[in-house]
Amino acid sequence: MTATKALSPQELRELRLDIEDFFYNEADLLDDRRYEDWLDLLADDIRYFMPIRRNVPFNEPERENTVPRAQMSWFDEGKFTLTQRVQQIRTGSHWCEEPFSRVTHMVTNVRIEEATGDEVRVRSRFLVYRNRLEDEENFLIGRRFDTLRRDGSSWKIARREIVLDQSTLLAKNLTTFF
């Protein structure tokens, strides 16, 4: 966090508020199913990764999450694949999202880890509530580690790592964007 120390407390607070507003807007886009607008928030070179969590002994925490590009993960995607997922949902014949799920994203505990040049590393917590059909409910809770890149007066998501706080996914499918 050495580069962040160059920011005054006021500048750091303003930066955090700006990023929180960005995240809240992103959550609204996803909840309103404005997926194409959400895709516009992603950098062309985005890395969107969600490891699979494992139950490991206390003295082996480095084994808890699967390794990107070396082991299986829930997601390890770029913008092309994310765009394809949106297009698939929009077909109306994507069984996992026909009819659409009702989804609410909540983002909290936003903390800036490092700010260097036009990039900011941010960690946050999330809760995603999903209701599907009459009786399917899912709560997906965890942490996100984002790298945001300044793009004019706004931000682009250059990297997102999503870490669920569960080792067994209880949802029947995983079509939700985080």
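Residues numbered from 1 in each chain as written. Predicted model: local features only at pLDDT ≥ 70, side-chain atom pairs only at ≥ 80, totals over all residues. Heavy atoms only, no water.

**Comments concerning the overall build of the protein**
- On a plain count of helices and strands, the protein comes out with three helices and six strands.
- The linear arrangement of helices and strands in the protein, starting from the amino end, is α-α-β-β-α-β-β-β-β.
- Its C-alpha radius of gyration of 17 Å places the protein within 12% of the 16 Å reference for a compact globule of 178 residues.
- The dimensions of the protein, computed from C-alpha atoms along their principal axes, are 50 × 45 × 30 Å.
- Within the protein, the fraction of its 178 residues that count as buried is 43%.
- For the protein, long-range pairs separated by at least 24 residues make up 61% of all intrachain contacts whose partners lie at least 6 apart in sequence. (Helix = DSSP H or I, 4+ residues; strand = E, 2+ residues; numbered from the N terminus. Rg over C-alpha atoms; globule rule 2.2 N^0.38 Å. Buried < 20%, exposed > 50% of the residue type's maximum accessible area, 1.4 Å probe, protein only. Contact = heavy atoms within 4.5 Å.)

**Observations regarding the pairing of strand 5 (residues 136-151)**
- Sheet topology places strand 4 (residues 119-132) next to strand 5; 14 bridges connect them, and they run antiparallel. Its bridge partner being in strand 5, V128 is matched across the sheet by L140.
- Hairpin geometry of strand 4 and strand 5 is characterised by an intervening segment of three residues between the two adjacent antiparallel strands and by a positive phi of about 55° at L133.
- Note: strand 5 against strand 6 (residues 154-164), 10 bridges, orientation antiparallel. Counterpart to G142 in the pairing with strand 6 is L164.
- Linking strand 5 back to strand 6 in an antiparallel pair, the connection comprises two residues, with G152 at a positive phi of about 65°. (Pairing = 2+ DSSP bridges.)

**Here we look at the side chain of S73**
- Of note, S73 is situated in strand 2 (residues 73-77).
- Polar side-chain contacts of S73 include one of 3.2 Å to the backbone oxygen of F75.
- Other than its neighbours up to four places away in sequence, S73 contacts F49, M50, P51, I52 and T66. (Polar contact = N/O pair within 3.5 Å; in protein donor to acceptor, adjacent residues only side chain to side chain.)

**Remarks on the pattern of salt bridges**
- Across all of its chains, the model carries 19 salt bridges by this definition.
- For R34, the salt bridge is made with D37, and the minimal N-O distance between the two is 2.9 Å.
- Classification of R34 by relative accessible area gives partly exposed; the value is 41%.
- Residue class for D37 comes out partly exposed when judged on its relative accessible area of 33%.
- Here R159 ties to E161 by a salt bridge, and the two come within 3.5 Å at their closest N and O atoms. (Salt bridge = Lys/Arg side-chain N within 4 Å of Asp/Glu carboxyl O.)

**Topic: the sheet that holds strand 2**
- Taken in spatial order, the six strands of this open sheet run 2-1-6-5-4-3, and their pairing is mixed. Pairing within the sheet leaves two strands with one partner each, and these edge strands are strand 2 and strand 3 (102-116). Averaged over all adjacent pairs, the angle separating strand axes in this sheet is 20°, with direction ignored.
- Sheet strands touched by helix 1 (residues 9-31): strand 3, strand 4, strand 5 and strand 6. Its angle to strand 3, the strand with the most contacts, is close to 155°.
- Helix 3 (residues 79-90) rests against strand 1 (42-51) and strand 2 of the sheet, and its axis sits at about 80° to strand 1. (Axes fitted to C-alpha atoms, helices over the stretch in contact; angles between N-to-C directions.)

**Brief notes about the packing of aromatic side chains**
- As enumerated under the stated definition, the model contains eight aromatic pairs in all.
- An angle of 55° between the planes, with centres 5.1 Å apart, marks the rings of Y129 and F139 as tilted. Of this pair, Y129 sits in strand 4 while F139 is found in strand 5, placing the two residues 10 residues apart along the sequence.
- Among the aromatic side chains, those forming a connected cluster through ring pairs are Y35, W38, Y48, F75, F126, F177 and F178.
- The aromatic ring of F23 is capped on one face by R144, whose charged end is 4.8 Å from the ring centroid.
- Sitting above the plane of the W155 ring, R150 keeps its charged end 3.9 Å from the centroid. (Phe/Tyr/Trp six-rings, centres within 6.5 Å; stacked < 30°, edge-to-face > 60°. Lys NZ or Arg CZ within 6 Å of the ring centre and 35° of its normal.)

Coordinates in, geometry out; function isn't part of it.
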